[in-house]
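Chain by chain, the residues:
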Amino acid sequence: MNFEWLCLLPPAAMLIFAVKTKKSFEALIFGSLVAYVILYGFHFLGPWCELVLSEISNADNEYILLICGLFGSLIFLLREARGTEGFSKWILRFCKSERSVLVTSVILGCIIFVDDYLNIMTIGTCMKKVCDKRKVPREALAYVIDSTGAPVCALLPFSTWAVFYAGMFMTEPAVTALGYASGIETYIHVIPFMFYPIAAVLITLFFALGVVPKIGPMKKAYKRVQEGDLGIQPVIQVEERGDHTIAGMEENAQTGAVTAMLEKPRRSEPEGKAIDFLLPMAVLIGVTVVTGDMLIAIIATLFFTLLFFVPRKLMTFGRFSELFIQGFADMLPVLAILLASFLVKTACGEMNLSGYVISLVEPFLNGVILPGIVFLILAALTFITSSFWGIEVIALPIVIPLAVALNGNILLTLAAVVSGGVFGSHACFYSDATVLSSATCEINNLDHAVTQAPYAVLSAVLAFGAYILAGLIF
């Protein structure tokens, strides 16, 4: 069935709901329900429940959710061992100002390029306390780690993004006809034309250096921090009495998120050591590089922390087990938002949203403007649905034959497809990268989204202009 313009209603309803209520999870659920009402009418509830069950049992979704949950466990263990505190004190020696804090974060973001999740969670965990010390708003840190997550991963051929797109490229006959030996070789030739990731990383660096000014909500965040409000929004306070942990839950009307703050009883404790953060991170990055599987890497790292922390009496085995569960539980609100985004992605796919939008503009395209239009369309679709890889899988078999028919540049069009996906991962209010960035920095998800939005839009405008110019040249 062709829903035509009706397929635009669910994302529109969802975005309006999110703006009005400042609730990410509820807006996503609302959007998926609107889609299923259109699809199934008064009988929508049964199919919608089946959708929820299918997304929960989807192996790819389970993989993402497990990684996020286990990283929450790792964060709590590093905090208990005072490793993040030790690393923060060590790096404070080099971060004497706001500029040096942000530039250091950008550099770390470029070094940890294997996976955007790894990038975001690692740097956010170790740098947020440094930002507090130097009066840098956590919104600025969230912007930096989000902008050096997917964009940096896309620009280097040794990341999960490169592996995904390289495999996808080789499914297209027009791409294999270019004559490159492998998908990775093709990907390497596409990198110079990835104008959005390039623009996003450069603007982030210039922001850190103070060349790009604080704009709109980001300027307000800086002013708030100067007045003494860090903007941290923990909503679970955990107190300890003897050997037992008693948790009190308080709903936060702004975030609807849950953050656990575990504090040991006040007593004299040894200072944290940077090695208790750096060695687990080295294991995590090393195993990710060797195996290419971040789930295996994070499980290996958790085993390493058990063997590294417990014998040295940084914590007991019982405390390790307790923190493991508490850390995973702390990520449940993030997991809920991610699961809800999967529902929206599938619902929009069933309504053929991407196919409808692309069909609207096909009659007006030519080879020169095709890459720029492809970038704009995929950027908009991925922003709306948060399905940055899913949309590309659907769109690539449409846009590559179109590029051939219009005598367009294949490499430039492939780069526009990747750039559109990077924009979605980076800028979408409820994408996994955005949610993880805000959760790691312990700030409101929409606060992070709106503070980085002007910079993401600026990067998109520059990228669009570059694609139009490149279409004329190449």
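Residues numbered from 1 in each chain as written. Predicted model: local features only at pLDDT ≥ 70, side-chain atom pairs only at ≥ 80, totals over all residues. Heavy atoms only, no water.

**Quick look at the overall build of the chain**
At step 1: A count of helices and strands for the chain gives 24 helices and 3 strands.
At step 2: In the chain, which comprises 474 residues, the share counted as buried stands at 54%.
At step 3: The long-range fraction of contacts in the chain, counting pairs at least 24 apart against all pairs at least 6 apart in sequence, stands at 77%. (Helix = DSSP H or I, 4+ residues; strand = E, 2+ residues; numbered from the N terminus. Buried < 20%, exposed > 50% of the residue type's maximum accessible area, 1.4 Å probe, protein only. Contact = heavy atoms within 4.5 Å.)

**Here's the deal with the packing of helix α6 (residues 98-111) against helix α13 (residues 195-209)**
The description of two packed helices rests on the angle between their axes and on the distance between the axes.
At step 1: Direction vectors running N to C along α6 and α13 enclose 155 degrees, while the axes themselves pass 8 Å from each other. Judged by the angle between their axes, α6 and α13 are roughly antiparallel. Residue-level contacts link Arg 99, Leu 102, Val 103 and Val 106 of α6 to Thr 204, Leu 205, Phe 207, Ala 208 and Leu 209 of α13.
At step 2: Residues of the contact of α6 with α13, tallied by class, amount to 7 nonpolar, 1 polar and 1 charged. (Axes fitted to C-alpha atoms, helices over the stretch in contact; angles between N-to-C directions. Parallel < 35°, antiparallel > 145°, perpendicular 65-115°, else oblique. Nonpolar A, V, L, I, M, F, W, Y, C, P; charged D, E, K, R; others polar.)

**So, a nonpolar patch on the surface**
At step 1: Together, Val 368, Leu 469, Leu 472, Ile 473 and Phe 474 line one region of the surface with nonpolar side chains, adding up to about 530 Å² of accessible area.
At step 2: Positionally, Leu 469 belongs in helix α24 (residues 445-473). (Patch = residues over 30% accessible without salt bridge, like charges linked within 9 Å, V, L, I, M, F, W, Y side chains within 5 Å. Areas by Shrake-Rupley, 256 points an atom, 1.4 Å probe, with all protein chains shown as cover. Salt bridge = Lys/Arg side-chain N within 4 Å of Asp/Glu carboxyl O.)

**Quick word on the packing of aromatic side chains**
At step 1: What the rule picks out here adds up to 18 aromatic pairs.
At step 2: Ring centres of Tyr 36 and Tyr 40 lie 5.2 Å apart, and the angle between their planes is 40 degrees; on these two criteria the pair is classed as tilted. Taken together, the positions of Tyr 36 and Tyr 40, both in helix α2 (residues 24-40) and 4 residues apart, correspond to about one turn of that helix.
At step 3: Ring geometry for Phe 383 against Phe 429: centres 5.5 Å apart, planes inclined by 75 degrees, an arrangement best described as edge-to-face. With Phe 383 in helix α20 (residues 370-385) and Phe 429 in the loop between α22 (410-427) and α23 (432-441), the pair connects residues that are 46 residues apart, well separated along the chain.
At step 4: The exposure class assigned to Phe 429 is buried, which follows from its relative accessible area of 18%. (Phe/Tyr/Trp six-rings, centres within 6.5 Å; stacked < 30°, edge-to-face > 60°.)

**Let's talk about the side chain of Glu 172**
At step 1: Relative to the helices and strands, Glu 172 is located in the loop between α10 (160-169) and α11 (173-176).
At step 2: Note on Glu 172: relative accessible area 9%, which makes it buried.
At step 3: Setting aside residues up to four positions removed in sequence, Glu 172 forms contacts with Leu 396, Pro 397, Ile 400 and Pro 401.

**Remarks on helix α4 (residues 59-80)**
At step 1: The terminal C-alpha atoms of α4 lie 32 Å apart, and with 22 residues this matches the ideal 32 Å at 1.5 Å per residue to within 8%.
At step 2: Counting buried residues in α4 gives 16 out of 22 residues, a clear majority hidden from the surface.
At step 3: One side-chain oxygen at the N-terminal end of α4 lies 3.1 Å from the backbone nitrogen of Asn 61; it belongs to Asn 58.
At step 4: Just past α4, the residue Arg 82 takes up positive phi, approximately 65 degrees. (Expected span 1.5 Å × (residues − 1). Polar contact = N/O pair within 3.5 Å; in protein donor to acceptor, adjacent residues only side chain to side chain.)

**Details of the side chain of Thr 204**
At step 1: Tracing the backbone through its elements, the reader meets Thr 204 in helix α13.
At step 2: A distance of 2.7 Å separates the side chain of Thr 204 from the backbone oxygen of Ala 200, its partner in a polar contact.
At step 3: With residues near it in sequence (within four places) discarded, Thr 204 still touches Val 106, Tyr 143, Val 144, Ser 147 and Thr 148.

**Regarding the pattern of salt bridges**
At step 1: Taken as a whole and judged by the stated rule, the model has 8 salt bridges.
At step 2: Across the pair Glu 98 and Lys 214 runs a salt bridge whose closest N-O atoms are separated by 3.0 Å. Taken together, the positions of Glu 98 in helix α6 and Lys 214 in the loop between α13 and α14 (217-226) put the pair 116 residues apart, joining distant regions of the chain.
At step 3: Here Glu 98 falls in the partly exposed class, since its relative accessible area comes to 26%.
At step 4: Through salt bridges with shared partners, one network takes in Lys 128, Asp 132, Arg 138 and Glu 442.

**A look at the state of the cysteines**
At step 1: Scanning the model with the defined rule gives 0 disulfides in all.
At step 2: Left unpaired, Cys 441 is separated from the closest cysteine sulfur, that of Cys 131, by 7.4 Å.
At step 3: Exposure remark for Cys 441: the relative accessible area of 0% places this residue in the buried category. (Disulfide = S-S within 2.5 Å.)

**Quick notes on the environment of Val 190**
At step 1: Take Val 190: it is sitting in helix α12 (residues 183-190).
At step 2: A relative accessible area of 0% means that Val 190 is categorised as buried.
At step 3: Separated by 226 residues in the primary sequence, Val 190 and Ala 416 have C-alpha atoms spaced 9.3 Å apart.
At step 4: In contact with Val 190, other than residues within four places in its own chain, are Phe 169, Leu 411, Leu 414 and Ala 415.

**Some thoughts on the confidence of the model for the chain**
At step 1: Taken residue by residue, the chain gives an average pLDDT of 82. The fraction at 70 or more is 87%.
At step 2: For the chain, strand β2 (residues 244-249) is the element with the lowest average pLDDT, namely 34, and α13 is the one with the highest, namely 96.
At step 3: Scored below 50 in pLDDT, residues 235-268 shows 66 contacts in the model against residues more than four places distant or in partner chains. (pLDDT = per-residue confidence, 0-100.)

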